[in-house]
Amino acid sequence: MSDERGQLSVEDLDAGYGDLQVLDGVDMEVDDGEYVAIVGPNGAGKSTVMKSVFGLTDHMGGQVIFDDEDISGLDPSEIITRGLNYVPQNENVFGGLTVQENLEMGAYILDDVPQDRLQAVYDRFPILEERKTQKAGSMSGGQQQMVAMGRALMLDPDLLLLDEPSAGLAPDLVDDMFDRIDGINDDGTAVLIVEQNAKEALRRCDRGYVLVQGQNRHEDTGEALLNDQQVREDFLGG
């Protein structure tokens with residue numbers, strides 16, 4: 001058993017929804033503490049990779065290995081106990097609950113809410129502490145995204161899955177969101193991110209995967225993919 005935590009290996013994964021197969025033989029890895037981005041055109045299956053890792057799709061073949069354990073086909077309620085957490089793109093806060101209640105929900109599998117973790121989230125997102133009694137549904141899109149990420153961090157995961165964290169944010173907030181993700185990764189949490197803002201994601205990540213029609217098309221360091229002429233022309237707008 002490895003001493004390192006947060007290692008993900010997706011091997012020859014086939015997955016989808018019902019009879020619809022979306023992923024076809026996808027291979028992907030995230031090493032201990034690594035920051036990995038998945039980019040590609042709309043409909044490529046990027047979000048399906050995330051959902052498949054977190055047990056939210058129909059598993060059709062291949063394996064998802066996390067910290068040397070095959071978690072393929074496990075329910076999200078079991079996967080979350082392994083040290084892996086997921087922030088979906090949409091409907092990712094409980095709008096009728098306060099900020100603090102949302103964060104406390106992130107620790108629902110524990111007997112007590114860890115106050116040190118709650119304070120660590122507030123230290124990372126000070127605006128949430130200022131507004132901890134505000135209903136999450138009344139906050140801006142960027143603030144709701146912070147609530148969703150904060151809730152996922154309440155269990156101090158080894159790997160954080162982020163699905164389109166900059167989607168719908170005003171342009172001046174996008175850099176701030178990426179800076180916060182950098183900070184989470186710098187503190188030792190491995191990150192796997194799906195992003196439409198491909199150039200920014202590749203600029204910041206360690207490695208990237210380009211997914212097309214449910215299959216691997218390119219894999220390299222973020223910098224190499226940014227500088228690859230074919231990738232630039234096909235997926236990054238030249």
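Each value, and the rule that gives it
Residues numbered from 1 in each chain as written. Predicted model: local features only at pLDDT ≥ 70, side-chain atom pairs only at ≥ 80, totals over all residues. Heavy atoms only, no water. Helix = DSSP H or I, 4+ residues; strand = E, 2+ residues; numbered from the N terminus. Rg over C-alpha atoms; globule rule 2.2 N^0.38 Å. Contact = heavy atoms within 4.5 Å. Core = buried A, V, L, I, M, F, W, Y, C linked by side-chain atoms within 4.5 Å. Buried < 20%, exposed > 50% of the residue type's maximum accessible area, 1.4 Å probe, protein only. Pairing = 2+ DSSP bridges. Axes fitted to C-alpha atoms, helices over the stretch in contact; angles between N-to-C directions. Patch = residues over 30% accessible without salt bridge, like charges linked within 9 Å, V, L, I, M, F, W, Y side chains within 5 Å. Areas by Shrake-Rupley, 256 points an atom, 1.4 Å probe, with all protein chains shown as cover. Salt bridge = Lys/Arg side-chain N within 4 Å of Asp/Glu carboxyl O. 1 Å grid on protein atoms, 1.4 Å probe; cavity = no way out; pocket = protein on both sides within 12 Å on 5 of 7 lines; lining within 4 Å. Points joined across faces, edges and corners; volume = space filled by probe spheres on them. Nonpolar A, V, L, I, M, F, W, Y, C, P; charged D, E, K, R; others polar. Lys, Arg positive; Asp, Glu negative; His and termini not counted. Charge placed at Lys NZ, Arg CZ, Asp CG, Glu CD.

**Quick notes on the overall build of the protein chain**
Then step 1. Along the backbone of the protein chain there are 10 helices and 10 strands.
Then step 2. At 17 Å, the protein chain has a C-alpha radius of gyration in line with the 18 Å of a compact globule built from 238 residues.
Then step 3. A principal-axis box enclosing the C-alpha atoms of the protein chain has dimensions of 50 × 40 × 35 Å.
Then step 4. A separation threshold of at least 6 residues defines the contact pool for the protein chain, and within that pool the share at least 24 residues apart is 68%.

**As for the nonpolar core**
Then step 1. Leu 128, Leu 162, Ile 181 and Ile 193 are the most contacted members of the largest nonpolar core, which totals 43 residues.
Then step 2. When residues of this core are assigned to their parent elements, the largest contribution, 6 residues, is made by helix 6 (residues 141–153).
Then step 3. In this structure, Leu 128 is in contact with Val 99, Tyr 122, Met 139, Gln 143, Met 146 and Val 147, ignoring residues within four places of it in sequence.
Then step 4. By size, the runner-up hydrophobic cluster in this structure holds 31 residues, among which are Leu 8, Val 53, Phe 54 and Val 64.

**Considerations on the sheet that holds strand 9 (residues 207–212)**
Then step 1. In space, the 6 strands of this open sheet follow the order 6-7-8-3-9-10, with mixed pairing throughout. On the outer flanks of this sheet lie strand 6 (84–87) and strand 10 (215–221), each paired with one strand and no other. When the angles between neighbouring strand axes are averaged without regard to direction, this sheet yields 15 degrees.
Then step 2. Across 4 bridges, the pairing between strand 3 (residues 35–39) and strand 8 (residues 190–194) is parallel. Paired with Ala 37 across the bridge in strand 8 is Ile 193.
Then step 3. Contacts from helix 6 reach strand 6 and strand 7 (159–163), with the element oriented near 170 degrees to strand 6.

**Considering a nonpolar patch on the surface**
Then step 1. A contiguous nonpolar patch, built from Tyr 108, Ile 109 and Leu 110 and spanning about 270 Å² of accessible area, is present on the exposed surface.
Then step 2. Structurally, Leu 110 is set in the loop between helix 3 (99–105) and helix 4 (115–124).

**Quick look at the environment of Arg 82**
Then step 1. With respect to the helices and strands, the residue Arg 82 is situated in the loop between helix 2 (76–79) and strand 6.
Then step 2. Spatially, the C-alpha atoms of Arg 82 and Asp 158 are 8.6 Å apart, while their sequence positions differ by 76 residues.
Then step 3. Beyond its immediate chain neighbours, meaning those up to four positions away, Arg 82 contacts Arg 5, Phe 66, Asp 67, Glu 69, Ile 71, Leu 74 and Asp 158.

**Describing unusual backbone geometry**
Then step 1. Of note in the backbone geometry, Glu 91 takes a positive phi value of approximately 50 degrees without being a glycine.
Then step 2. Within the secondary structure, Glu 91 sits in the loop between strand 6 and helix 3.
Then step 3. Although it is not a glycine, Asp 156 sits at a positive phi angle of roughly 50 degrees.
Then step 4. Structurally, Asp 156 is set in the loop between helix 6 and strand 7.

**What to know about the layout of surface pockets**
Then step 1. Roughly 350 Å³ of volume is contained in the largest pocket.
Then step 2. Along the walls of the largest pocket sit 19 residues, with Phe 54, Ile 80, Asn 85, Tyr 86 and Arg 151 positioned nearest its centre.
Then step 3. Contributions of two or more residues to the lining of the largest pocket are made by helix 2, strand 6 and helix 6.
Then step 4. Looking at side-chain class alone, the lining of the largest pocket contains 13 nonpolar, 4 polar and 2 charged residues.

**Some points on a negative patch on the surface**
Then step 1. A cluster of like negative charges, contributed by Glu 11, Asp 12, Asp 24, Asp 27, Glu 29, Asp 31, Asp 32 and Asp 70, occupies part of the molecular surface.
Then step 2. Contributions of two or more residues to the negative patch are made by strand 1 (8–17) and strand 2 (20–30).
Then step 3. With 3 residues, the single largest contributor to the negative patch is strand 2.
Then step 4. Mapped onto the elements, Glu 29 comes out in strand 2.

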